[in-house]
Structure formats: structure tokens, C-alpha cells
Amino acid sequence: MTPHIEAKKEDIASIVIMPGDPLRAKYIAENYLTDYMLVNDVRNMLAYTGYYKGKRVTVMASGMGNPSMGIYSYELFKFYDVDTIIRVGSCGAYTKNLNLYDLILVEESYSDSNYAFVQNGFKDKIITSSSELNEVIIQKSKELNINLNIGRIHCTDVFYKDNNPFKELYEKYNCLATEMETFALFSNAKYLNKKATCILTVSDNLETKEETTSEERQNAFTQMIELALESIL
Ligand code: HPA
């Protein structure tokens, strides 16, 4: 047990799929897993362990933002011997070249967050995901005919900004979209010699101002979940 996870060590699988929202973790367990059980509900940060097509997997929520993701992914890697975490989340696109519901595989997370520096002295603004995991996901996306954008995203600590410099982040730093958790996740994975990556669905577009409803998001979410789950097989 850790301060934030009450599961027994053996009740967490070596591979974890991590949405931000606890209810999405529940949705994934109920709709995709067999023989699953609830293994954590401390702070309602729900975690379920079960089987996807016979492969043991845990689905656990990360909460929102680097600090929350930082706590849960650190505890899973360090104290539960988790080897692989695949985050599945939503993002705001920084370019009209991306449509709502498009998927992005995150190769690099660019951030002003000081998470990695405070945690382990890492000074760069860019942290990469696992190329090994990415190769598998890219291969699966081809097999499943799922169109995948691949590249760098901006991981921000601030959702509400008065003057959002997203155009500059796209044009100068090649950030395709924004979300709030990958920097801490990739930092922990790198520091602890583990594997992590992230698949995102575009839920809104900062340039065109398009947004999805929560119901629409749920449907788009399906493709992303299937890609993540098929990739662990
Ligand atoms: N900003 C940060 N995170 C997000 C956004 C956004 O616009 N959309 C979805 N996740």
C-alpha cells in the first residue's frame, strides 16, 4: 500500500492504461475487461484489474495535471512494479490541420512544468515517450486502419490563460496540441527506467474554437481505448 493506493501489490498488473477521469477507468473496465475487480478507490481514483482478450491489465485514473499524474505514476512504477503505463486522454489542438476526434500518439512532451527538475534534476523542456511502445502502437494502428498523428504536444500546468500563446507553440515549437499530464508521466518513466507513452483524442481546437460534447467525446474515446488495449496484447 502507498499513501494514495490501497491495492495489494499483486492486484496491480504490470501494464496500466491511464485515463484522467476515474469514471472512464470504470467505463473501460465495464465495457472491455473480463474478470475485473476494483483494486483502488482511495480519493475515488478508481483502479480496476482484469483481462483484455486474456491479457492481464490494470486501468487506473491519473486525475488532472502533472502533480496528480506524478503521484500515481510514481507509486505504480516504484512500489507496484508496473513496467508500462499508456495514458489515454483528451487534448486541445493548436492547429486547424487537426480535426475533432483525431488521434495523436505523443512522441515528445514539451513543457514549462518544473516537475522533472524538482523530482530528479532533469533540466530540458522536452521529454520523450518510449519508442518501443510507440512502434507497437503505430503498427497496431495500421492493422486496425486507425489514422494516427504522431508528434510533439505541449504539456501545460495552466488550463485557463488570458493570453494563450498557442500559435507560437505550434509554429515555433511544433506542438500539435495541449494536455496536462504527459510531462510528469514521461519524467517518472525515464527516471525509474520504465516505459510510458500517451494516445490523445482531440476534444477541442483552440484555433477553430470547435468543441465536442461530453457524449461525442465518449464515442471518440472508443477508438483510442481499442488502440491502447490492442497494443498491449
Ligand atoms: N488545455 C489543456 N488540456 C486540455 C485541453 C486544453 O485546451 N483540452 C483537453 N485537454
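Please refer to the structure higher up on the page.
A brief report on the enclosed structure follows. Within each chain, residue numbers correspond to sequence positions counted from 1 in written order. For this predicted model, a pLDDT threshold of at least 70 governs which residues receive local features, and a threshold of 80 or more governs which side-chain atom pairs are given and counted, while totals over whole chains, interfaces and linings are taken from all residues. To get the side-chain values, take all heavy atoms of the structure and skip hydrogens and water.

**Examining the overall build of the protein chain**
Then, in step 1: By the criteria applied, helices consist of DSSP H or I runs no shorter than four residues and strands consist of E runs no shorter than two, each listed in order from the N terminus. Counting its secondary structure elements, the protein chain contains seven helices and 10 strands.
Then, in step 2: Dimensions of the protein chain along its principal axes, counting C-alpha atoms only, are 45 × 40 × 30 Å.
Then, in step 3: Evaluated residue by residue, the protein chain yields a buried proportion of 54% over its 233 residues.
Then, in step 4: Sequence-distant contacts in the protein chain: of pairs separated by 6 or more residues, those separated by 24 or more amount to 76%. Remark: exposure states derive from per-residue accessible area (1.4 Å probe, protein chains only) relative to the maximum for the residue type, with buried under 20%, exposed over 50%, and partly exposed in between. In what follows, residue pairs with any heavy atoms lying within 4.5 Å of each other are defined as contacts.

**Examining the site of the ligand**
Then, in step 1: Near the ligand, the surroundings consist of Ser90, Cys91, Gly92, Phe159, Thr178, Glu179, Met180, Ser203, Asp204 and Leu206.
Then, in step 2: Within 3.5 Å is the distance limit for a polar contact, defined as a pair of N or O atoms, with the added protein rule that one can donate a hydrogen and the other accept it, and that residues adjacent in sequence qualify only through two side-chain atoms. Here Ser90 contributes a backbone N or O atom positioned 3.5 Å from a nitrogen atom of the ligand.
Then, in step 3: Separating a nitrogen atom of the ligand from a backbone N or O atom of Gly92 is a distance of 3.3 Å.
Then, in step 4: For the area figures, the Shrake-Rupley method with a 1.4 Å probe applies, and any residue is considered shielded solely by the protein chains shown. When the ligand sits alone it has 260 Å² of accessible area, and the protein chains cover 87% of it.
Then, in step 5: When residues of the shell around the ligand are traced back to their parent elements, those giving at least two are β5 (84–93), β9 (175–179) and β10 (195–205).
Then, in step 6: Among the elements that make up the shell around the ligand, the one with the highest residue count is β5 (three residues).
Then, in step 7: Of the residues assigned to the shell around the ligand, the class counts are four nonpolar, four polar and two charged. It suffices for a single heavy atom of a residue to lie within 4 Å of a molecule or strand for the residue to be listed as near it. Under the grouping applied here, Gly and all other residues not named as nonpolar or charged are polar, the nonpolar ones being Ala, Val, Leu, Ile, Met, Phe, Trp, Tyr, Cys and Pro and the charged ones Asp, Glu, Lys and Arg.

**Side note on the pairing of β5**
Then, in step 1: The buried count for β5 comes to nine of 10 residues, which makes it a mostly enclosed element.
Then, in step 2: At least two DSSP bridges between two strands are required for those strands to pair. In this structure, strand β1 (residues 15–18) lies alongside β5, joined through four bridges in parallel fashion. Among the inter-strand pairings, Ile17 is bridged to a residue of β5, identified as Ile86.
Then, in step 3: Two strands pair when backbone bridges link them, and β5 and β10 are joined in this way by 10 bridges, in the parallel orientation. What sits directly across from Gly92, in β10, is Asp204.
Then, in step 4: Here two bridges tie β5 to β9, and the two strands are oriented antiparallel to one another. What sits directly across from Ala93, in β9, is Ala177.

**Observations concerning the nonpolar core**
Then, in step 1: Core analysis: the largest hydrophobic core is formed by 40 residues, its most contacted members being Met60, Leu76 and Ile104.
Then, in step 2: Element by element, the count of residues in this core is highest for helix α6 (residues 182–191), at five residues.
Then, in step 3: If near-sequence neighbours (up to four positions away) are discounted, Leu76 is found in contact with Ile5, Ile12, Val16, Met18, Met60, Asp81, Val82 and Ile85.
Then, in step 4: The set of buried Ala, Val, Leu, Ile, Met, Phe, Trp, Tyr and Cys residues whose side-chain atoms join them within 4.5 Å is what this entry labels a nonpolar core. If you look at the next biggest cluster of nonpolar residues, it comprises 27 residues, including Tyr48, Tyr52, Ile86 and Leu105.

**With respect to the side chain of Ser231**
Then, in step 1: Among the structural elements, Ser231 can be located in helix α7 (residues 214–231).
Then, in step 2: Here the side chain of Ser231 touches Leu227 through a polar contact of 2.7 Å, landing on its backbone oxygen.
Then, in step 3: Not counting chain neighbours up to four residues away, the residues in contact with Ser231 comprise Val136, Ile137 and Lys140.

**Brief notes about the packing of aromatic side chains**
Then, in step 1: Pairs were defined over the aromatic rings of Phe, Tyr and Trp, the Trp ring being its six-membered one, requiring ring centres within 6.5 Å. Orientation was assigned from the angle between planes: stacked under 30 degrees, edge-to-face over 60, tilted for the rest. All chains considered together, the criterion is met by five aromatic pairs.
Then, in step 2: When the ring of Tyr74 is compared with that of Phe79, the centres are 6.2 Å apart and the planes differ by 65 degrees; the resulting orientation is edge-to-face.
Then, in step 3: Ring geometry for Tyr94 and Phe166: centres 5.8 Å apart, planes at 35 degrees, overall tilted. Of this pair, Tyr94 sits in the loop between β5 and β6 (103–111) while Phe166 sits in helix α5 (residues 166–171), and the two are 72 residues apart along the sequence. Here the two residues Tyr94 and Phe166 agree in accessibility, since each one is buried.
Then, in step 4: Sitting above the plane of the Phe221 ring, Arg24 keeps its charged end 4.4 Å from the centroid. Whether a charge sits over a ring comes down to the Lys NZ or Arg CZ being within 6 Å of the ring centre and within 35 degrees of the ring normal.

**Here's the deal with the packing of helix α2 (residues 66–79) against α6**
Then, in step 1: At a closest axis distance of 8 Å, the pairing of α2 and α6 adopts a crossing angle of 25 degrees. For the element pair α2 / α6, the angle class is roughly parallel. In this structure, the crossing between α2 and α6 has a hand that is right-handed. Facing Asn66, Met69, Gly70, Ser73, Tyr74 and Phe77 of α2, the residues of α6 in contact are Thr182, Phe183, Ala184, Leu185, Asn188 and Ala189.
Then, in step 2: In terms of residue class, the contact of α2 with α6 is built from seven nonpolar, five polar and no charged. Only the contacting stretch of a helix is used when fitting its axis, a line to C-alpha atoms as for every element, and angles between N-to-C directions run 0 to 180 degrees. Each angle is binned into one of four classes, with values under 35 degrees roughly parallel, values over 145 roughly antiparallel, values of 65 to 115 roughly perpendicular, and all other values oblique. For a crossing to be left-handed, the near helix must be turned anticlockwise from the far one by less than a right angle; the clockwise case is right-handed.

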